[in-house]
Amino acid sequence: ANYFIMVNLVGIFSRHIILRTFVITLLVYLGITFLDLIFSIIGDAEDLDEEFTLNDLIFITLFRLFHDSMDYVQGSCLLGALISLGLFKRDGNLTIIRSNGLSPIKISLIFAIGPILFSLFMVSLDNKIFIEAANHAETFDSQISRDKLDIQFSWTKDGNKILRYSQREESVILNSTLILLDEDNLVKEIISSEKAEILDGLIKIDDSEFSFSLPRNENLNRSSVKNIPIKSLKTYLRESEETKLEDKEKNFIIMEVLKRMLLPISALLLILTASMLFFRDQRNISFGSYVVGGFLGAFIFNLIQEFFFSMSLTIQSNIVVISLTPYLLILIIFYLTYKRV
């Protein structure tokens, strides 16, 4: 009977912990994102003029905000777990749950479930909504460009059709002009639009569709791959031979896919490592220490990640192995810390 009571008690605590850590992680993320929103608007306010209004600035900033704030998800997960653990200890519940036979690593895993679910949720939303919203903001920003004379146009031809455009996103081209030629290469029709859609060898301008094979986007770099969903990045890799993707561009894509897919793993390792340090120190620690420690831990790990990512791109060899090195390092630190608990 005592065994079943203990199991039931642990189950109740676990459900409470998972919900609490998820909510706290969400609140931490929203708080950081809100501060980023305020600073972004203040920082870009000097660019306001008659054509680029405050409403335009707020619109663009909001649409970019959540994709840009994906960099804060890892730190928010760590902070959410540490703050939840601190609250749990303050209320005296940590002693109760440890007395029921749960080891520090099992308790840490329970506290990690909520943040990991949050990170998976955010990665999914980023690929389905946030990236699309950020690209929409880029398109809108280009359309209200204050200096139209500085627009650089690209030209390409497919059969008896010539296309001119100023900017190309994943499935949209801006300031497009399609010139249709007859059999004698004389201009038959000219169709222009501020924005046209491109998909599966078709270009849609206003309500008309035309077959048009666009060359591969040459602007595939570390910055541009951040605004491409994982599904499209995988398509780039699968079709790399047909599109003659350069090794450097393939490395950009591999690194970005790894970074996004391993975000929950890195958050888990950070939480486990920080939790082990917490169990080693039995003193009452202020919440300020949790916040500062969480920020520093996530910031240092981000720096290490960027260092190894940049190294892999520079070496142009064994990019997967080099990119996984930070995760191996934090795993080793976790193991050494766990052995001393």
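Notes on the structure follow.

Cut-offs and rules
- Residues numbered from 1 in each chain as written.
- Predicted model: local features only at pLDDT ≥ 70, side-chain atom pairs only at ≥ 80, totals over all residues.
- Heavy atoms only, no water.
- Helix = DSSP H or I, 4+ residues; strand = E, 2+ residues; numbered from the N terminus.
- Buried < 20%, exposed > 50% of the residue type's maximum accessible area, 1.4 Å probe, protein only.
- Contact = heavy atoms within 4.5 Å.
- Polar contact = N/O pair within 3.5 Å; in protein donor to acceptor, adjacent residues only side chain to side chain.
- Expected span 1.5 Å × (residues − 1).
- Salt bridge = Lys/Arg side-chain N within 4 Å of Asp/Glu carboxyl O.
- Phe/Tyr/Trp six-rings, centres within 6.5 Å; stacked < 30°, edge-to-face > 60°.

Attention now goes to the environment of Thr 21. Mapping Thr 21 onto the fold places it in helix H1 (residues 2–44). Under the relative-accessibility criterion, Thr 21 is labelled buried at 0%. When the C-alpha positions of Thr 21 and Leu 117 are compared, they lie 10.0 Å apart, and in sequence the two are 96 residues distant. What Thr 21 contacts, discounting residues up to four positions off in sequence, is Gly 80, Ser 84, Phe 111, Gly 114 and Pro 115. At a separation of 3.0 Å, a polar atom in the side chain of Thr 21 contacts the main-chain carbonyl oxygen of Ile 18.

Let's shift gears to helix H3 (residues 73–90). The terminal C-alpha atoms of H3 lie 26 Å apart, and with 18 residues this matches the ideal 26 Å at 1.5 Å per residue to within 8%. In terms of burial, H3 is largely enclosed, as 17 of its 18 residues are buried. The positive-phi residue at the C-terminal boundary of H3 is Gly 92, with phi of around 80°.

Oppositely charged side chains can pair when the atoms bearing their charge come close. Counted under the stated rule, the structure contains three salt bridges. As a salt-bridge pair, Arg 260 and Glu 256 come within 3.0 Å of each other at their nearest N and O atoms. With Arg 260 and Glu 256 both in helix H7 (residues 247–261) and four residues apart, this pair spans about one turn of that helix. In this structure Arg 260 comes out as buried when scored by relative accessible area, which is 8%.

Moving on, we get to the packing of aromatic side chains. Inspection of every chain in the model, using the stated rule, returns eight aromatic pairs. Both rings, one in Phe 66 and one in Phe 130, keep their centres 5.4 Å apart while their planes meet at 25°; by these two values the pair is stacked. Within this pair, whereas Phe 66 is found in helix H2 (residues 54–68), its partner Phe 130 is found in helix H5 (residues 104–143), the two being separated by 64 residues in sequence. On the basis of relative accessibility, which here comes to 11%, the residue Phe 130 falls in the buried class. An angle of 80° between the planes, with centres 5.4 Å apart, marks the rings of Phe 88 and Phe 111 as edge-to-face. Of the two residues, Phe 88 sits in helix H3 while Phe 111 sits in helix H5, which places them 23 residues apart along the sequence. Put simply, the rings of Phe 22, Tyr 29 and Phe 118 pair up and form one aromatic cluster.

Purely spatial values, then, with no claim about function.
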